[in-house]
Every structure is written in C-alpha cells, then in structure tokens.
2 protein chains.
Amino acid sequence: MAEKKLGKQTVKFEKCPYIIGAAAVGGKKEGEGPLKSWFDMILEDDMFGEKTWEKAESKMLKEAMQTALQKSGKDKKDIDLVLSGDLLNQIMSSSFMARDLHLPFLGLYGACSTMTESLLLGSMLTDGGFAHNIIVGASSHFCTAERQFRMPVEHGNQRPPSAQWTATAAGAMIVSEQRADLDRVGTADGFLGVALHKNVTVDCGTIGKVIDAGIRDANQMGAAMAPAAVDTILNHLEDTGRSIEYYDLVLTGDLGYIGKDIAADLLMDAGLDREGIKQRYDDCGTMLYYREEQDVHGGGSGCGCSACVFSGNILKRMQRGELDRVLLVSTGAMLSTISPFQGESIPGIAHAVSLSVC
Amino acid sequence: MAEKKLGKQTVKFEKCPYIIGAAAVGGKKEGEGPLKSWFDMILEDDMFGEKTWEKAESKMLKEAMQTALQKSGKDKKDIDLVLSGDLLNQIMSSSFMARDLHLPFLGLYGACSTMTESLLLGSMLTDGGFAHNIIVGASSHFCTAERQFRMPVEHGNQRPPSAQWTATAAGAMIVSEQRADLDRVGTADGFLGVALHKNVTVDCGTIGKVIDAGIRDANQMGAAMAPAAVDTILNHLEDTGRSIEYYDLVLTGDLGYIGKDIAADLLMDAGLDREGIKQRYDDCGTMLYYREEQDVHGGGSGCGCSACVFSGNILKRMQRGELDRVLLVSTGAMLSTISPFQGESIPGIAHAVSLSVC
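Calculation notes
Residues numbered from 1 in each chain as written. Chains lettered and ligands numbered in written order. Predicted model: local features only at pLDDT ≥ 70, side-chain atom pairs only at ≥ 80, totals over all residues. Heavy atoms only, no water. Helix = DSSP H or I, 4+ residues; strand = E, 2+ residues; numbered from the N terminus. Rg over C-alpha atoms; globule rule 2.2 N^0.38 Å. Buried < 20%, exposed > 50% of the residue type's maximum accessible area, 1.4 Å probe, protein only. Contact = heavy atoms within 4.5 Å. Areas by Shrake-Rupley, 256 points an atom, 1.4 Å probe, with all protein chains shown as cover. Lys, Arg positive; Asp, Glu negative; His and termini not counted. Charge placed at Lys NZ, Arg CZ, Asp CG, Glu CD. Core = buried A, V, L, I, M, F, W, Y, C linked by side-chain atoms within 4.5 Å. Buried area = accessible area lost by both parts, 1.4 Å probe. Salt bridge = Lys/Arg side-chain N within 4 Å of Asp/Glu carboxyl O. Polar contact = N/O pair within 3.5 Å; in protein donor to acceptor, adjacent residues only side chain to side chain. Pairing = 2+ DSSP bridges. Least-squares fit on C-alpha atoms with pLDDT ≥ 70 in both. Axes fitted to C-alpha atoms, helices over the stretch in contact; angles between N-to-C directions. Parallel < 35°, antiparallel > 145°, perpendicular 65-115°, else oblique. Left-handed = near helix turned anticlockwise from the far one by under 90°. Disulfide = S-S within 2.5 Å. Expected span 1.5 Å × (residues − 1). Arc of directions from axis to C-beta.

> Sorry if this is basic, but what is going on with the overall build of chain A here?
Scanning chain A from terminus to terminus reveals 9 helices and 15 strands. The C-alpha atoms of chain A give a radius of gyration of 19 Å, which matches the 21 Å a tight globule of 358 residues would have. Its C-alpha atoms give chain A principal-axis dimensions of about 50 × 50 × 35 Å. Looking at chain A as a whole, 66% of its 358 residues qualify as buried. Of all intrachain contacts in chain A linking residues separated by at least 6 positions in sequence, the fraction that spans at least 24 positions is 78%. Counting every atom, chain A has about 11,500 Å² of accessible surface; 48% of that belongs to carbon and sulfur. Averaging the locations of the 35 positively and 47 negatively charged side chains of chain A gives two centres separated by 3 Å.

> Help me understand the nonpolar core in this model?
Nonpolar side chains tend toward joint burial in soluble globular proteins. The biggest cluster of nonpolar side chains holds 180 residues, and the ones touching the most others in it are Met124 and Leu355 of chain A together with Met124 and Leu355 of chain B. Leaving out residues up to four positions away in the same chain, Leu355 of chain B has contacts with Ile19, Leu119, Val200, Thr201, Val202, Asp203, Phe310, Met318, Asp324, Arg325, Val326 and Leu328 of chain B.

> What should I look at first to understand the interface of chain B and chain A in this one?
One frequently used descriptor of interface size is the decrease in accessible area upon assembly of the parts. If you look at the interface, chain B gives 63 residues, while chain A gives 63 residues. Taking both partners together, chain B and chain A bury about 5,300 Å²; carbon and sulfur atoms supply 63% of that area. Linking chain B with chain A are 8 salt bridges. Lys55 of chain A serves as the salt-bridge partner of Glu344 of chain B, at 3.0 Å between the closest nitrogen and oxygen. Remark: the boundary between chain B and chain A carries 26 residue pairs in polar contact (both at pLDDT 80 or more). Among the secondary structure elements, those contributing two or more residues to the side of chain B that touches chain A are strand S2 (10-12), helix H1 (53-72), helix H2 (92-101), strand S6 (105-107), helix H3 (114-127), helix H4 (142-150) and strand S15 (348-357) of chain B.

> Would you explain the pairing of strand S10 (residues 200-206) of chain A in this entry?
A regular strand places its side chains so that they alternate between the two faces of the sheet. Residue and element names in this part refer to chain A. For S10, the buried fraction is high: 7 of the 7 residues fall into the buried class. Sheet topology places strand S2 (residues 10-12) next to S10; 3 bridges connect them, and they run antiparallel. Across the sheet, residue Val11 finds its bridge partner in S10, namely Gly205. Pairing of strand S3 (residues 18-26) with S10 involves 2 bridges; the strand directions are antiparallel. Residue pairing in the sheet places Tyr18 in a bridge with Thr201 of S10. Relative to strand S15 (residues 348-357), S10 runs antiparallel, the two sharing 6 bridges. If you follow Cys204 over to S15, its bridge partner there is Ser354.

> What is the right way to read the relation of the copies chain B and chain A from this model?
Relating the two copies of this chain is a rotation about some axis coupled with a shift parallel to it. In the superposition of chain B on chain A (RMSD 0.0 Å, axial shift 0.0 Å), the rotation amounts to 180 degrees. Viewed as a symmetry operation, the transformation between the two copies matches a two-fold axis. By residue overlap, the copies meet face to face through one surface: 100% of the interface positions of chain B are interface positions in chain A.

> What is the right way to read the pattern of salt bridges from this model?
Think of it this way: side chains of opposite charge can pair up when their charged atoms draw near. Enumeration according to the criterion identifies 40 salt bridges over all chains in this entry. Measuring nitrogen to oxygen at the nearest pair gives 3.7 Å for the salt bridge that ties Glu50 of chain A to Lys59 of chain A. For Glu50 of chain A, a relative accessible area of 27% corresponds to the partly exposed category. Owing to a relative accessible area of 27%, Lys59 of chain A belongs among the partly exposed residues under this scheme. One connected set of salt bridges, linked through shared partners, spans Lys55, Lys62, Arg99 and Asp100 of chain A together with Asp212 and Glu344 of chain B.

> Just to check I follow, could you spell out the packing of helix H1 (residues 53-72) of chain A against helix H2 (residues 92-101) of chain A for this structure?
Pairs of packed helices are described in terms of their axes, by the angle between the two and the distance that separates them. Residues and elements named next belong to chain A. Axis separation between H1 and H2 bottoms out at 8 Å; the angle between their running directions is 55 degrees. For the element pair H1 / H2, the angle class is oblique. Pair H1 / H2 crosses with right-handed handedness. Residues Glu54, Glu57, Ser58, Leu61, Lys62, Met65 and Gln66 of H1 form the contact with H2, whose own contacting residues are Met92, Ser93, Ser94, Phe96, Met97, Asp100 and Leu101.

> Got a minute to help me understand the state of the cysteines in this structure?
By definition, a disulfide links the sulfur atoms of two cysteine residues through a covalent bond. Counted by the stated rule, this structure contains 0 disulfides over all chains. No disulfide involves Cys204 of chain A; its sulfur sits 8.9 Å from the nearest other cysteine sulfur, which is in Cys16 of chain A. A relative accessible area of 1% means that Cys204 of chain A is categorised as buried. The structure places no disulfide on Cys284 of chain B, whose sulfur is separated from the nearest cysteine sulfur, that of Cys305 of chain B, by 5.5 Å.

> Could you clarify how one ought to interpret helix H7 (residues 256-269) of chain B in this entry?
Note that an α-helix has 3.6 residues per turn; residues three or four places apart therefore point the same way. Residue and element names in this part refer to chain B. Across its 14 residues, H7 extends 20 Å between first and last C-alpha, which sits within 8% of the 20 Å expected from 1.5 Å per residue. Within the span of H7, buried status applies to Gly256, Tyr257, Gly259, Ala263, Ala264 and Leu267. Buried positions in H7, seen along its axis, are confined to an arc of 165 degrees and lie on one side of it. Among the exposed residues of H7, those oriented more than 90 degrees off its buried face are Asp261 and Asp269. Structurally, H7 contributes buried residues whose contacts are with helix H6 (221-240), helix H8 (274-280) and strand S12 (281-283). With its phi angle positive at about 105 degrees, Gly271 sits one or two positions after the end of H7.

> What is the right way to look at the environment of Lys74 of chain A in this model?
Residues and elements named next belong to chain A. Turning to its location among the elements, Lys74 is positioned in the loop between H1 and strand S5 (81-86). The exposure class assigned to Lys74 is partly exposed, which follows from its relative accessible area of 23%. Measuring from C-alpha to C-alpha, the distance between Lys74 and Asp181 comes to 9.9 Å, with 107 residues separating the pair along the chain. In contact with Lys74, other than residues within four places in its own chain, are Ile20, Leu69, Asn133 and Gln178. Here the side chain of Lys74 touches Gln178 through a polar contact of 3.4 Å, side chain to side chain.

> Where do I start with the packing of helix H3 (residues 114-127) of chain A against H3 of chain B in this structure?
Look at H3 of chain A against H3 of chain B: their axes get within 9 Å of each other, and the N-to-C directions meet at 55 degrees. Judged by the angle between their axes, H3 of chain A and H3 of chain B are oblique. Considering the relative orientation of H3 of chain A and H3 of chain B, their crossing is left-handed. Two secondary-structure elements touch here, H3 of chain A through Leu121, Met124 and Leu125 of chain A and H3 of chain B through Leu121, Met124 and Leu125 of chain B.

Written out as structure tokens, the structure is:
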C-alpha cells in the first residue's frame, strides 16, 4: 500500500473520495445575504416550526443531510455512517438528528472546525475502505449559541464591534467511494441555471493541533483562531510541498474581518507572497453577510458558517468549473462556557481539506 | 483490497491494529475499590494539585496518555494523532489536554461511549494507513459531571437508588500498526508480579446507532442505555456471524446494576442462551466499586468508567493470557443539560470493539 501520510500532519487519499451530494440550509438573515441564491433552503422563520431553537437547529441539520442524500441519488440504505457535530452542550443538535435518521453515528466536537473535521474523517474512512458512503455535516444557530455562550437573547445585550455573528445554518455532504452521477447533480441544482458538470474529490487533508495564542477575550474569536488556521495552512504546505499558488482559493472557516486580516499578516510574516495571499485567500465569515447593512460586526461564525458557505457556494462553483483547487480550513475556538472563569485563555484548532475537480 | 465492511454496521481490520501501551488513572474512591491494584496511578486527592475539578480531570487524562505512551516504548514524535473526548461542555478536559500535548487532535463526543468511539476510530485510521500510532482515550470526574449534569456538589443532594456514580478516572491506549515490544510491556507492569506476554489486537468493531427507548428519568441512565447496548451487540453478532460464546467476555460500558440486568433480559428476549450470557457478560459499572461499602447506588458511570476498567484491568488480563477474546461495548446517554427540559427523552448509543490476543 502506498504511504498515506505526508509529513507530520497530512494524510493523502489513494482513491480520492468523491463528494456526490451536498446541501446548505440558511436562516432568515443568512438568506438575505450575498449568498442567498446558493442555499438549497432558506428558513422563513428561524424557529423552523419547532418549539425551541435547539430543536430547530437539529431539524435544520437533518434537513441539510436529507437534501444532500436526495441530491446524491443515493438511498438511506446506501449510507454506512453519519459524522457530525455542533456547538451545543453534548452536541444536542447532532445527537437528536442521529436519533431521527437511525443510522450508525459518530459524534464529533471541534467547535467551528467541525465541518472539516467531519469531512476529513469521512474521507479517511471512505478511502480506508470502511464505508461506501458517509454523510458529513455541521450546524449552528444564532439563538442557541448566543444563549449558551453569551447572554440570554431577550436581554438584547450590546455587542462589541469585534464580536462575530453565529450563523443560523447547516451544511452536509455525501462522501462516496464512487463518482457522482453528474446528470443528477445537474438536474438537482438546475435552479442556478448552469449545469454542474465537474466531479469534486478530496485529495488530502491536514489534521490540526490545538494552538493557544493567549487570547482571553471571548469577543475576539477571530484573533484566537487565526494562529491555529495559519499553523495548519503552513503545515499543510510544508507536508505537501505545495505553494499557496497551487490553490485557486484558500478559505478559512470563520475568522471574520479581524481574524482574516491577522491570518493574512501571519501568513506574510511566514514568508508567503503578499499578492498570492491577496488573490486567493478568503474567509467564510466575511462572505456570508453584507458587512454594513446586516450589522454583523466582526463577521459570521459558528460551525454552520463554513459548512453552508462551502456546501452551498464553493462546492457548486467547483462543480461549475469556476474553481479547480480549493483548500478549506474550518477553524474552531476550543473554549468552554466555564474555562474563561477558570483563568484559561482561548485555544484554537483548524483542520484543512484539499479539494479538486476531476 | 479485501472488503472491510461486514454487514450493516461492522468494520473489520486487515492489519489488526495492536494495542501497544495502556494506562488507567483512578480517583481516591476508585482506588479503594476492587480494581485498586490494577491502576497505574491513584489520586490521593481528586483535585490532583489543581485549582478546579475541570483542570484536575484534564490533567488526569493527560497523565493517562503520557503513561500509556511511556509504557508503549514510543516517543511523542512517533504519535500521529490524539483522539479523545469527555463529558464536559465543549469537551473541556480533552481540549486543554490536547493543547498541552501539542499533537494533531480530533475531538469526539459520544458521552460515556467515548472510549470505544476513540478506540474504534483509532483502529480504523491505523488500519487504513493514515497513522502509525494513535493515542486514544477518555475521562470523567465525579465533581465536574455532578455539577454540570445534576446538582452543585456542595448541595449534598440525596441520590435515588437508581442513580449512578460518575467515575473519577481516565484511560488511554496507544493503537499501533506494529506489535508491542513485549519485554517492555512486561517490565512496565511488573508491579503486578506477572509477566504480560501476549499481544492484543483489535480485529473488528461495530458502530452504533442512536437508540431512544423513551426513558425520561435522568436517574435511570442504565435503563436508557441498555437498549442501545443490546442493539449494538445483536448487530455485531449478526454482522460477524459470531455467537456470544465466541467471546470470553462481553463487557458493556456503564449500565450499572439495573442496566446490566435489563441488557441481560433483552439479550435473552432476543434468543441468546441464558447460560451463555450469565457466564460471559459483565458491565464495567458493576466492577469498579464495592456495591454496598462504597455507597455507589446504581453502580459506576462516566466516560472514565469503561476507559479505566478496560485499560487497567481487562487489557492486562488479556496480556497475561487469562482472556483471549473480549467485546468491549462502551455505552453513552446522549442527553444534554437542557434536552429534558424541552420534553426530550434520553437516547443512548453504544459502539463495540472486538479484541483478541495473538
């Protein structure tokens, strides 16, 4: 068997698992942003017909997974495993989604890095021959996260300019050992009016370390996570021998406006070309909302942020042939609801997944 | 490549990943129980020299991982990945352990099923060729769990007889593509006075589904988890074509006294032989404490329960040649701290790992 490890932190895939279906669900606010035409479903109301926000988030994740499954042309019986997580205590959204789907399930917690954690694990398990088809996904909800991590929503607490807005969104993908049936993908996304005629595979990925830069302000999540994102990107480039110019797009998860600038600065400090970074580096947290009109302060965040931006927008742009090679680097802040009260700073983590059309 | 899937939920391993090192750390109470001579370390005080219980739990998990690493004869630089989880919100113990170890990390949440979730994933990733050596583990702490899930510890709340006692314990193992250096294992565990001369491998495992039997009483965790354990065991036997007599020991995670009886009844209802079950089925939650003297009511629970019982006791008994084939089935209750208030019942999950000497 060929070596599947590259360098210290990177794994590469022999069979290049395919992404054969994907879906993004967005909340009301997300559906009014610049990516509104890319969602598979936009909630009219963020309660989604449920009695609690947590149940709404769980339903949103289930909806994204079921839509992705439908678009893949596969049947529930073809699915070997579901891998997902969310921000809620005891990953409540994922646990109850998994109860309802009634499929083998492994729960993950990587804070907002969960989309790439699930995609990377799903790719390894598929490539390793342990599954034919895996559903991967992640979700977040503004109201569930706000009340768990910050203040009661009804309190109407004033937010500092650096605070980020937790996306009400879910994204899911079907990772498969077999190529997508492209006629079906083209039909299912017909609403975009453009055929999706490229297959997308995962060719390698880099597992991140928990990096603590000593940030203690829970309203500075971008700053807390940026060093982890940069550490993972630099390790990825070193392990693979690639330059940043190899990619059409390098996309961090949810660093937001401040974190994105910090990450770009840190990448330049590490010797990467300024123009190269400027031309191909972006952050999902800066793409999901209109910065001024939607009053999101530091930009978007939450597991659902990179999950919906990638599953909804970037993947389809790859399938349409606009982007050939993308490095998705979801970023998570591994703080707990009590760790700051115990004097701990906020560690970050980021996992990178390299995707390409074929 | 040979088929690595067996039936619906089971994966089998070509290279049979080896467990080349393991360690169990127990709290003060656990160190006074029937397994006291099997722990690698027993805390004199459950604060473990830290200022908070959460920090003590994190340190205990790190201690278990470092001891397992030392006993394996491997170096930190040989480790490709750490897989772990715990019961705390945002898996605080694991996140801060991973920050300190500074190794690639994937966080898991499977409630008390986390030991087999991490062991099963670690075995798949090693067998799949994505890692040479992986540290897997899980932890729990009575005081962190009690105050998060139930009542402030200082409150001295009266516990109903069915309530289980969350173990203050951690267990960790090194999963490797290579056999253990048996001379080293023998030396490191010399305190038992018996040579450990058998290699232990993971030959297959079964990924569980989230099963909800409708239990709503958070003091009846064993009853809530037993149906998931039985579902996984039955699926495992069906997928592998094995009978329960194939195993010397089938060991559930932390069903406790009540849950163990329910699981045994459900297995008999499913047609399994009563004597077969009686002779070879046990539960970690019934093994960790003296039932009467230690006042643990329903028995032990928590991620650390099956983690320390397996890593400390069962694995060494396999290495000594007393047990040849063991099915470890850690069990988790996927309730959240708020889901019962939203009218939800308590779903359970269980993952099974089949281990054998070679």
